Amino acid sequence: MRSSYNENDVILLLKDITGMVEPQPTEEREKLIQSGRHYSEMLPIEYVPTEKYMQVYRESLETYAKTVANAVGVLSDKIISRKGKDTVIVSLARAGIPVGILVKRYIRFKYGIDIPHYSISIIRGRGIDDNAMKYLLKRYSAEQILFLDGWIGKGAILKELKKDISAYEGVSDEIAVIADPANVTELCGTHEDILIPSSCLNSTVSGLISRTFLRSDIIGENDFHGAVFYEKLKDADLSYDFIDAIEKEFSVDNHEDKSLIEGHGIDEVEKIAREFGIDDINLIKPGIGEATRVLLRRVPWKVLIDERFSDDPQLGHLIRLAEEKNVPVEFYPLRHYKCCGIIKKIADA
């Protein structure tokens, strides 16, 4: 699979389906998803950021690079301590890819070890890419493999992973992430809902690849899951701009914040569902990363922000996007998260 990443940083176990799938407008895609079509069978037209939004992104990166670098360091230390120097990082495409590259680079920076990093697809409701798993297990022992993603919202992908991984004897169903506000994994850089600036953009901060795709007319039984390479966006590519900004802030000493909020994020999501009369919790996307995705590629209904963080600069890009898209922002008490995006229920979808 082509990307704008260097193969020394990551090997993408994906099928290049560039030119085979026509991206669809957000509203059209949302109607199809809510009427039962699986999201992985379509690709969205990527949001083109306004200059004002890009200004907010650049400020976020500058302000929070050190916070993210610290979390990458904490996570990398835990990985080496738990899994050892023979670990093979398997990031989940696509939000996990930049994080996987950062962890790989941090481990080289601090420990002088060059660990392999692959990226594969896992799709909620469709499972992990079996062909990619077979490829990895031919080359490495099951115990070496460690899955990695950017952040955890409510834990849907972790649930998918735990269900699927039982088929691969000896492979751990643990997941490593930078931020886990849902409080479901110990292998995290922080349990705080922090801004990971790569969540603010789509392919232009993810090696110019689309989210992953799975449809039987294009993905054969022996193929990896697919993705598109957006070569036409190469002048707007900030993939290494993001990596380099975080890497500059690496330190051998990292501070782990061990404070923990009791309970799990899913309890909070279920409470929101009850209070707002939402019968499908997949429409509720908690946390900065997930709320940003709602605004970038779904049809948002509203954004909830905990009043304690009403002026938090980490939410600046979110407020900006909500303004651009005329999405109401409502203050709502949250415990595990700073904000939450809710997808609009499209009537008669």
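Here we summarise the structure given alongside this text.

Cut-off values and rules
- The residue count restarts for each chain, going from 1 along the sequence in the order it is written.
- Local features in a predicted model are, by the rule used here, given only for residues with pLDDT of at least 70; side-chain atom pairs are given and counted only at 80 or more, and totals for whole chains, interfaces and linings are based on all residues.
- Excluded from the side-chain calculation are hydrogens and water; included are all heavy atoms of the structure.
- Only when DSSP finds a minimum of two bridges between them are two strands counted as paired.
- Numbered from the N terminus, helices here are DSSP runs of H or I no shorter than four residues, and strands are runs of E no shorter than two.
- Axis definition: a line fit to C-alpha positions, over the contact stretch in the case of helices; interaxial angles, taken between N-to-C directions, run 0 to 180 degrees.
- A 1.4 Å probe rolled over the protein chains alone gives each residue an accessible area, and that area as a share of the maximum for its type sets the label: buried under 20%, exposed over 50%, partly exposed in between.
- Assignment of crossover handedness uses the view with strands pointing away from the viewer, where a clockwise path from the first strand over the helix to the second indicates a right-handed crossover.
- The contact rule is simple, with two residues in contact once any of their heavy atoms fall within 4.5 Å.
- Definition used for salt bridges: Asp or Glu carboxyl oxygen within 4 Å of a side-chain nitrogen of Lys or Arg.
- The rule is simple: put a 1 Å grid over the protein atoms alone, call a set of points where a 1.4 Å probe fits but cannot get out a cavity, call an open set with protein on both sides within 12 Å along at least five of seven lines a pocket, and count a residue as lining if it has an atom within 4 Å of a point.
- Grid points are joined across faces, edges and corners, and a volume is the space filled by probe spheres set on the points.
- An angle counts as roughly parallel when it lies under 35 degrees, as roughly antiparallel when it exceeds 145, as roughly perpendicular when it falls between 65 and 115, and as oblique in every other case.
- Charged residues are taken to be Asp, Glu, Lys and Arg, nonpolar residues to be Ala, Val, Leu, Ile, Met, Phe, Trp, Tyr, Cys and Pro, and polar residues to be all remaining types, Gly included.
- Any two of the Phe, Tyr and Trp rings considered here, Trp counted by its six-membered ring, make a pair once their centres fall within 6.5 Å; the pair's planes then place it as stacked at under 30 degrees, edge-to-face at over 60, or tilted in between.

### Observations concerning the sheet that holds strand β12 (residues 300-305)
If you trace the four strands from one edge of the open sheet to the other, you get β11-β14-β12-β13, paired in mixed fashion. Among the strands making up the open sheet, the edge pair consists of β11 (284-286) and β13 (329-331). Between one strand axis and the next, the sheet turns by 25 degrees as a mean value, whatever way the strands run. Strand direction decides the pairing type here: β11 and strand β14 (residues 339-343), joined by three bridges, are antiparallel.

### Considering the pairing of strand β4 (residues 117-120)
Residue alternation in β4 divides its side chains into two sets, His117 and Ser119 and Tyr118 and Ile120, and both sets are buried. Taken together, the two bridges between strand β1 (residues 11-12) and β4 define a ladder with parallel strand orientation. Along β4, the bridge assignment pairs leucine 12 with serine 119. Following the chain from strand β3 (residues 88-92) across helix α3 (residues 96-111) to the adjacent parallel β4, one finds a crossover that is right-handed.

### Re the environment of valine 99
With respect to the secondary-structure elements, valine 99 resides in helix α3. Relative accessible area serves as the criterion here: at 0%, valine 99 is assigned to the buried category. Expressed as a C-alpha distance, the spacing of valine 99 and glycine 155, which sit 56 residues apart in the sequence, is 17 Å. With residues up to four places along the chain from it excluded, the contact list for valine 99 reads Leu148, Asp149, Gly150 and Ile178.

### Some details on the pairing of β12
Among the six residues in β12, five count as buried, and that is most of the element. Pairing of β12 with β14, which is carried by five bridges, proceeds in the antiparallel orientation. Residue pairing across strands places lysine 302 opposite isoleucine 342, the latter belonging to β14. Here β12 runs beside β13; their pairing, made up of three bridges, is parallel. Bridging from a neighbouring strand, leucine 304 pairs with glutamate 330 of β13. Each parallel crossover has a hand, and the one from β12 via helix α9 (residues 316-324) to β13 is right-handed.

### Some words on the pattern of salt bridges
Under the defined criterion, the tally for this structure stands at 31 salt bridges. For the salt bridge of glutamate 46 with arginine 94, the shortest nitrogen-to-oxygen distance reads 3.1 Å. Remark: arginine 94 occurs in the loop between β3 and α3 and glutamate 46 occurs in the loop between α1 (26-34) and α2 (51-83); sequence separation between them is 48 residues. No difference in accessibility class separates glutamate 46 from arginine 94, as the two residues are buried.

### A look at empty space enclosed by the protein
Summed over all chains, the structure comprises three cavities of 30 Å³ or more. Roughly 620 Å³ of internal volume is contained in the largest cavity. If you go around the largest cavity, you meet 30 residues; those closest to its centre are Ile157, Arg211, Glu290, Arg293 and Arg297. Counting residues per element, the ones that place at least two in the lining of the largest cavity are β5 (122-123), β7 (145-151), α5 (156-165) and α8 (288-297). Ranked by residue count, the leading element in the lining of the largest cavity is α8, at four residues. For the second largest cavity, the calculated volume is near 110 Å³. Among the elements that take part in the lining of the second largest cavity, α8 stands out by supplying three residues, more than any other.

### Re unusual backbone geometry
Going from alanine 93 to arginine 94, the amide bond is cis rather than trans, its omega being 5 degrees. Of note in the backbone geometry, asparagine 183 takes a positive phi value of approximately 65 degrees without being a glycine. With respect to the helices and strands, asparagine 183 occurs in the loop between β8 (175-179) and β9 (188-190). With relative accessibility at 15%, the residue asparagine 183 sits in the buried group.

### Some details on the packing of α2 against α9
Any two packed helices are characterised by how steeply their axes cross, that is the angle between the axes, and by the distance between the axes. Across the interface, α2 lies against α9 with an axial gap of 9 Å and an inter-helix angle of 170 degrees. With respect to each other, α2 and α9 are oriented roughly antiparallel. Residues Lys52, Tyr53 and Val56 of α2 form the contact with α9, whose own contacting residues are Gly316, His317, Arg320, Leu321 and Glu324. The class makeup of the residues in the contact of α2 with α9 is three nonpolar, two polar and three charged.

### A word on the packing of aromatic side chains
One pass over the full model with this rule turns up nine aromatic pairs. Ring centres 6.3 Å apart and planes at 65 degrees place the aromatic pair tyrosine 118 and tyrosine 135 in the edge-to-face group. Pair noted here: tyrosine 118 is in strand β4 and tyrosine 135 is in helix α4 (residues 130-139), with a separation of 17 residues, a long-range link. The exposure class assigned to tyrosine 118 is buried, which follows from its relative accessible area of 7%. The class for tyrosine 135 is partly exposed, based on a relative accessible area of 26%. Their ring planes at 85 degrees and their centres at 6.0 Å tell us that tyrosine 135 and phenylalanine 224 sit as a pair that is edge-to-face.

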